[in-house]
Protein chains: 2
Amino acid sequence: MRHTYRDVEQCATKVALDLISGKWKPIIFFHLSSGAIRFTELWRAIPRVSKKVLLEQLRQLENAGLVERTVHNNFPPEVTYQLTPKGAALAPILHRLDQWAMMYVQGVVQIS
Amino acid sequence: MRHTYRDVEQCATKVALDLISGKWKPIIFFHLSSGAIRFTELWRAIPRVSKKVLLEQLRQLENAGLVERTVHNNFPPEVTYQLTPKGAALAPILHRLDQWAMMYVQGVVQIS
DNA sequence: CCGAATCCTAAGCGATACTG
DNA sequence: CAGTATCGCTTAGGATTCGG
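Not measured: the values here are computed from a predicted model.

## Examining helix α1 (residues 12-20) of chain B
In terms of residue burial, α1(B) counts as a mostly covered element, since eight of its nine residues are buried. Of the residues making up α1(B), those classed as buried are B:A12, B:T13, B:K14, B:V15, B:A16, B:L17, B:L19 and B:I20. As for α1(B), its buried residues are in contact with α1 (12-20), α2 (25-32) and α5 (85-105) of chain A together with α2 (25-32), α4 (51-63) and α5 (85-105) of chain B.

This is the structure:
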């Protein structure tokens, strides 16, 4: 007997994927896993993304509780972003996805 | 020294996420992990998706080599879908995402 | 039963210019 | 340096209809 979802959002996998699905979120995650980083530094590390969009993605991760935004009262302005514990808990899982993808592109996926 | 991606698509995590990001793909994955299933059976198990969209998602998974489509020469027509080994190799990773998401929605994410 | 064709809408993303 | 505002494009997804 197969299970039936009444609502799409009841699928936990989808919940997780929605949180990290965004054109630049995986890359943001990648960079933040090295530690806190300033906005402009992150922006320069990711070519071809507009500041507006990068900020949108960061806001979404922040609202999801995966990223924390810290304002340092300096001049010139300094704002850093870093992973929260929730976000960091995701890192090892994303790392496994990473490994899978590397094997995937080589067409040699066998046992995980 | 931080790494810089020249192209977004070089991010392996993004490659993987792109393959499984789609409104219904996680749910399709969930159902197919129970074994092969007929199209209409799958369609009925996922309420509120049009056949067109469900077919699109299946095609994409098929083109990605994660799902296999089998035509049985019966009448009435019978077509079943099932995970390929590549697709099945993804299952345990998705399962961990699942566990993370369940803790996430409870706000109690600690150590993975 | 399975799938293709058409039309439509909402959302994501991008380019650009501007501000404290 | 960090962020906002506006505009326009492209695409994913959905409703519906038709066909083998």
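Let us keep going from here.
## Digging into the protein's contact with DNA strand D
Taken together, 20 residues lie around DNA strand D, and A:T40, A:R69, B:K23, B:K52 and B:Q57 are the ones closest in. Of all DNA strand D atoms lying within 4 Å of any protein atom, the proportion belonging to sugar or phosphate reaches 56%. Contacts to DNA strand D include A:T40, whose side-chain N or O atom sits 2.2 Å from a phosphate oxygen. A:R69 is positioned such that a nitrogen or oxygen atom in its side chain is 2.4 Å from a phosphate oxygen of DNA strand D. Looking at the surface near DNA strand D, the elements with two or more residues in it are α3 (39-45), α4 (51-63) and β3 (78-83) of chain A together with α4 of chain B. In terms of residue count, the dominant contributor to the surface near DNA strand D is α4(A) (four residues).

## A short note on the packing of aromatic side chains
The final tally for this structure, using the stated rule, is four aromatic pairs over all chains. The interplanar angle of 20° and the centroid separation of 5.0 Å between the aromatic rings of B:W100 and B:Y104 together place this pair among those described as stacked. With B:W100 and B:Y104 both in helix α5 and four residues apart, this pair spans about one turn of that helix. Here B:Y104 falls in the buried class, since its relative accessible area comes to 14%. Across the ring face of B:Y104, the terminal group of A:K86 is positioned such that the distance to the ring centre comes to 4.7 Å. We note B:K51 situated over the ring of B:W43; from NZ or CZ to the ring centre the distance is 5.7 Å.

## Quick look at the protein's contact with DNA strand C
Residues in close proximity to DNA strand C total 19 residues, the closest being A:K23, A:K52, A:Q57, B:T40 and B:R69. In DNA strand C, the atoms that sit within 4 Å of the protein are 57% sugar and phosphate, with bases accounting for the remainder. Contacts to DNA strand C include A:K23, whose side-chain N or O atom sits 2.7 Å from a phosphate oxygen. One of the side-chain nitrogen or oxygen atoms of B:R69 is found 2.3 Å away from a phosphate oxygen of DNA strand C. If you list the elements that add at least two residues to the surface near DNA strand C, you get α4 of chain A together with α3 (39-45), α4 and β3 (78-83) of chain B. Considering every element that reaches the surface near DNA strand C, the biggest residue donor is α4(B), with four residues.

## Overview of the relation of the copies chain A and chain B
By a simple turn and slide, chain A fits onto chain B: the slide is 0.0 Å along the axis, the RMSD is 0.0 Å, and the turn is 180°. These values place the two chain copies in the arrangement generated by a two-fold rotation axis. The fraction of interface residues of chain A whose copies in chain B are also interface residues reaches 100%, indicating that both copies meet through the same surface.

## Structural notes on the interface of chain A and chain B
One frequently used descriptor of interface size is the decrease in accessible area upon assembly of the parts. Facing 51 residues of chain A, the contacting portion of chain B comprises 51 residues. Between the two partners, chain A and chain B, sit zero salt bridges. In this assembly, chain A and chain B are joined by five residue pairs in polar contact (both at pLDDT 80 or more). Secondary-structure elements contributing two or more residues to the side of chain A that touches chain B are α1, α2, α3 and α5 of chain A. Looking at the side of chain A that touches chain B element by element, the count peaks at 14 residues for α5(A). When its residues are assigned to classes, the side of chain A that touches chain B shows 31 nonpolar, 10 polar and 10 charged.

## Points about unusual backbone geometry
All names here are of chain A. Residue P76 follows F75 across a cis peptide bond; omega there is 5°. For P76, the location among the structural elements is in the loop between β2 (67-72) and β3. In this structure, R48 is a non-glycine residue whose phi angle is positive, near 70°. By the secondary structure assignment, R48 is in the loop between α3 and α4.

The rules behind the values
Residues numbered from 1 in each chain as written. Chains lettered and ligands numbered in written order. Predicted model: local features only at pLDDT ≥ 70, side-chain atom pairs only at ≥ 80, totals over all residues. Heavy atoms only, no water. Buried < 20%, exposed > 50% of the residue type's maximum accessible area, 1.4 Å probe, protein only. Helix = DSSP H or I, 4+ residues; strand = E, 2+ residues; numbered from the N terminus. Contact = heavy atoms within 4.5 Å. Near = heavy atom within 4 Å. Polar contact = N/O pair within 3.5 Å; in protein donor to acceptor, adjacent residues only side chain to side chain. Phe/Tyr/Trp six-rings, centres within 6.5 Å; stacked < 30°, edge-to-face > 60°. Lys NZ or Arg CZ within 6 Å of the ring centre and 35° of its normal. Least-squares fit on C-alpha atoms with pLDDT ≥ 70 in both. Salt bridge = Lys/Arg side-chain N within 4 Å of Asp/Glu carboxyl O. Nonpolar A, V, L, I, M, F, W, Y, C, P; charged D, E, K, R; others polar.

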